[in-house]
Amino acid sequence: IRHGDEEIRFEQEPFPLYPGEKLYGKVSPLQVVAPNTALRLRCIRDFKDDKNSRVAGDEWLFEGPGTYFPRVEIQVVEIVKAIIIKPNQALRLRARKEFTDKSGVKRRAGEEWLVREVGAYLPYVEEEVVQTISAYVLTDKKAIHLQATKTFTDVFGKERKAGEEWLVTIDDAETHIPDVYENVIGEVKITTLTSRQYAVVIDPVGEDGKPQLGRRVLRKGEAVFFLRPGERLESGIQNVHVLDSDEALLLRARESFKDDSSEKKPGDRWMIYGPCDYVPPVHVEILEKRKAIALDENEGIYIRDLKTGKVRAVSGQTYMLSPYEELWEKDLPAVVEELLTKTDGRSNDPKAAQKPTGPRNKTRVVTYRAPHNSAVQIYDYKAKEARVVFGPDLVMLGPDEQFTVLSLSGEKPKRAHVIKSLHLFLGPDFMTDIVVVETSDHARLSLNLSYNWFFDLDKTGKTDGGKIFSVPDFVGDACKAIASRVRGTVASVSFDHFHKNSASIIRQAVFGADESGKIRNHFGFSSNGLVITNIDIQSVEPVDQRTRDALQKSVQLAIEITTKSQEASAKHEAERREQEARGRLERQKITDEAEAEKARKDLLELQAQSATVEASGQATAEARAR
C-alpha cells in the first residue's frame, strides 16, 4: 500500500477496492477543452512523461479543442479564453519572465510588445495582457503627434531616437496603432490658408526631419499643411494686407536682401503705398499701417523727424507720414489740460460746463477759441518771445509754444489765485471788492465797492498786446491800489461827514480832482493800460456791532419821527376835509328845504285855482238846470 498517494483510473474493466483503498470523489467525465480556450496547468510534483519532464511549479497550457486526461502530478489552475483582436486593434502584452513567444522572438521579463494579427489569441502563461489598444483613424484634416520614449524602429521601418517627435499623417497610413514606445502627445488639425491669407512658420522642419531652429518660412495661400513638432506660427494666420489709395505700410528690413529696386540693409525703413495688396517676406517686418491724415485749416498734427529730432506742425492739407517721421505727442501742464475742457476757459466756477469730449489726442495741434473782446498770450520757449492773439480768433499752438495761464484774484474780499484763465477779457467789465476803512473818529466801516474797468490799448500794435500781460494779477493789483486810496482819504474825515458824503469822498479819493477842483472821471494804470471808469458804492456797513446797532436804532428812530409827523399831517388834513364836507352838506340841506317850500306854495296856489274853477262850473251848471 502506497500511503497518501493517489491514482487516477480511466476506462477499464470493473475493479474492486482493495483493503486500504478509498474512492476520492465520484466517477467524473473527462474535461473537454473547447476551441479558442485552454487549460492552465501547474505541476505540483516532479514527473516525466513521454515528451517532457516537468518540475514542480512549472505552468503550461493545454490548448483546445481536445479531451484532457488528468494526472495526479498536475493541477488545473484555470480555464483561459482566447482574446479576440478586431481590425484596427492590437493587444499589448508584457513578459512575466524570459521566454520565446509564438513568433520565435525571445522576450525578457518586463518587456512589452504588441500583437497586431487579427483573430483569436491565447496568451502564454509567461505573457500578461496589459490592455487592448484601438487605432487612431487618420484623415486628410487630422494627424497624430507622437514622441519616442526610447530608441526603437517603428512600424514604418524608421529608427526613432528617444525623445524624438514626429507626425503620422494619412500619407503614412489610414490608421495607426501607437507602439509601446510611442507616446501620443495629441491630435494635430490641418492648417488651411485661403488665397487671401499667409502664415510665417518659425523653426520649420527640414527635409531631413530635423527642426531648423531660428529660421522662418513664408507660406502663402492657397495651401494646406500640418504643423510639424516644434513648428509654430508667428502671429497665427494673417490676412493679406490690402491698401487703399490713402493707406501705406511702414516696413523695416530684418536682414540684408535685394528687392526689385534696391538693396536693403538691416534697419532700413521704407513704405509701400496703395492701392495694392502686400505679403511681407520673412526678412521684412511690418511696423505699422499708416493712413493719410486729412486736415482742415483749423486742424493740425505734430510731426517729429526721427533723423534730426525736429518737431513741426502741419495743418490745412492731407498729409502722409514719411518713413522717418512719426506723430509727436505734445504734453501740457495739468492746469492747461483742465482749462481746455471748460467751455469758458476758466476754472473759478466748479459748476462750469465741460466740453463733451474724451481724452485729448496729444498728436493733434492744440487749438483754443479765444472769446470775443479777449486776449490770449502764447510764449515760444524756443524763440524766447511771446505773441498775443485778440479774440474772436482760433489759437493754434506750435510745438514749442505754451499758453500763459492767468492767475487772478477772486471772491469778496479779493483773494489771490482763485481764478485760472487762458484768456484775458479787455472790458468794459466790472469787479466787486469789500474794503474795510476807519474814519478819523475811529469808526470802522465795511464798504462794498464795484469798479467798472477796461483796457485802453491799440489792438493793431504789438507793444500794447504784451503790455496788458505785464501785471500777472491785474484784479488784485487794481483792488489793492483803490483800497489804499480809499482808506487814506476816509481816515481824514469823521463818520458823520463820511456818512453824508460817502459817494463824493470815495470818487475823489480814487479819481482825484483837476486844477479847477472838479472830480476826474477815470483812474488809469500805466503799467498795463487798465482804466477804472466808475465806482459804485453798493453798501456801507459798520464793522463794530455796537456801532451798527446804534446806527440802525438812529435810522429806525428817524423813520418813526417822520412816520408820526406824516400821520399827524394826514389826520389834520382829513379833519379839515371832513368839516368842509359837512358844511357843504348843511348848506345843501337848507337849499333843498327852501326849494321844497316854494314847490309846496305853488302846489297850494294851483289847488286853490282848481277849486275856484270847479265851484264856478258847478254853479253855472246848476243855474242852467233851473
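Residues numbered from 1 in each chain as written. Predicted model: local features only at pLDDT ≥ 70, side-chain atom pairs only at ≥ 80, totals over all residues. Heavy atoms only, no water.

Moving on, we get to the packing of helix H3 (residues 474–490) against helix H5 (residues 502–511). It is at 8 Å that the axes of H3 and H5 come closest, and there the two elements cross at 125°. When the axis of H3 is compared with that of H5, the two are oblique. Here the hand of the crossing between H3 and H5 comes out right-handed. Every residue of H5 that contacts H3 at Ile482, Arg485, Val486 and Thr489 is listed here: Ile505, Ile506, Ala509 and Val510. Split into classes, the residues belonging to the contact of H3 with H5 amount to six nonpolar, one polar and one charged. (Axes fitted to C-alpha atoms, helices over the stretch in contact; angles between N-to-C directions. Helix = DSSP H or I, 4+ residues; strand = E, 2+ residues; numbered from the N terminus. Parallel < 35°, antiparallel > 145°, perpendicular 65-115°, else oblique. Left-handed = near helix turned anticlockwise from the far one by under 90°. Contact = heavy atoms within 4.5 Å. Nonpolar A, V, L, I, M, F, W, Y, C, P; charged D, E, K, R; others polar.)

The next point concerns the sheet that holds strand E37 (residues 311–315). Across the sheet, three strands lie side by side as E37-E36-E39; this open sheet has antiparallel pairing. Only two strands of the sheet have a single neighbouring strand rather than two, namely E37 and strand E39 (325–327). For this sheet the average axis-to-axis angle between neighbouring strands, irrespective of direction, equals 40°. One ladder, built from five bridges, connects strand E36 (residues 300–305) with E37; its direction is antiparallel. By the bridge assignment for E37, isoleucine 303 is matched with arginine 312. (Pairing = 2+ DSSP bridges.)

In this section: the pattern of salt bridges. One pass over the structure, following the stated rule, counts 36 salt bridges. Linking lysine 142 and glutamate 187 is a salt bridge whose minimum nitrogen-to-oxygen distance equals 3.8 Å. Here lysine 142, found in strand E16 (residues 142–148), pairs with glutamate 187, found in strand E21 (residues 182–189); they are 45 residues apart in sequence, far enough to count as distant. Sharing partners across several salt bridges, the network here consists of Arg40, Arg42, Glu59 and Glu78. (Salt bridge = Lys/Arg side-chain N within 4 Å of Asp/Glu carboxyl O.)

So, on to the confidence of the model for the protein. This prediction gives the protein a mean pLDDT of 89; 97% of its residues lie at or above 70. Looking over the protein, one finds the lowest element-wise mean pLDDT in helix H2 (residues 462–467), namely 69, and the highest in E36, namely 95. (pLDDT = per-residue confidence, 0-100.)

A separate point is the side chain of histidine 176. Its place among the elements puts histidine 176 in strand E20 (residues 175–176). A relative accessible area of 4% means that histidine 176 is categorised as buried. Within the structure, the side chain of histidine 176 is placed 3.0 Å from the side chain of glutamate 182, a separation counted as a polar contact. With residues up to four places along the chain from it excluded, the contact list for histidine 176 reads Ala135, Tyr136, Leu138, Ile144, Leu146, Val155, Phe156, Val168 and Glu182. (Buried < 20%, exposed > 50% of the residue type's maximum accessible area, 1.4 Å probe, protein only. Polar contact = N/O pair within 3.5 Å; in protein donor to acceptor, adjacent residues only side chain to side chain.)

Let us look at H5. Count 3.6 residues to each turn of an α-helix, and residues three or four apart come out pointing the same way. Listed as buried for H5 are Ser502, Ile505, Ile506, Ala509, Val510 and Phe511. On its buried side, H5 packs onto strand E49 (444–455), H3, helix H4 (495–500), strand E50 (523–525) and strand E51 (530–542). Positive phi shows up at glycine 512, right after H5, with a value of about 80°.

Turning our eyes to something else, we now look at the sheet that holds strand E29 (residues 247–253). As summarised here, the arrangement of the three strands in space is E32-E29-E34, forming an open sheet in which the pairing is antiparallel. Across the chains shown, the open sheet's two edge strands, defined by having one partner strand only, are strand E32 (269–273) and strand E34 (284–291). On average, each strand axis in the sheet is inclined to that of its neighbour by 30°, with strand direction left out of account. Here E29 pairs with E34 via seven bridges, running antiparallel. Bridge pairing in E34 links alanine 248 to arginine 290.

Attention shifts here to the packing of aromatic side chains. Under the definition given, this model contains 13 aromatic pairs. Centroid distance tyrosine 379 to tyrosine 381: 4.9 Å. Interplanar angle 80°. Geometry classified as edge-to-face. Every member of this aromatic cluster is reached through a ring pair, and the members are Phe99, Trp113 and Tyr124. Of note, arginine 160 hangs over the ring of tryptophan 166, and the distance from its end group to the ring centre comes to 4.3 Å. In this structure, lysine 264 packs its charged tip against the face of tryptophan 270, placed 4.5 Å from the ring centre. (Phe/Tyr/Trp six-rings, centres within 6.5 Å; stacked < 30°, edge-to-face > 60°. Lys NZ or Arg CZ within 6 Å of the ring centre and 35° of its normal.)

On to the pairing of strand E2 (residues 37–43). Most of E2 sits inside the fold, with six of its seven residues counted as buried. Alignment of E2 against strand E7 (residues 74–81), held across seven bridges, turns out to be antiparallel. Following the sheet pairing, cysteine 43 is matched in E7 by isoleucine 74. One ladder, built from five bridges, connects E2 with strand E5 (residues 59–63); its direction is antiparallel. Following the sheet pairing, leucine 41 is matched in E5 by tryptophan 60.

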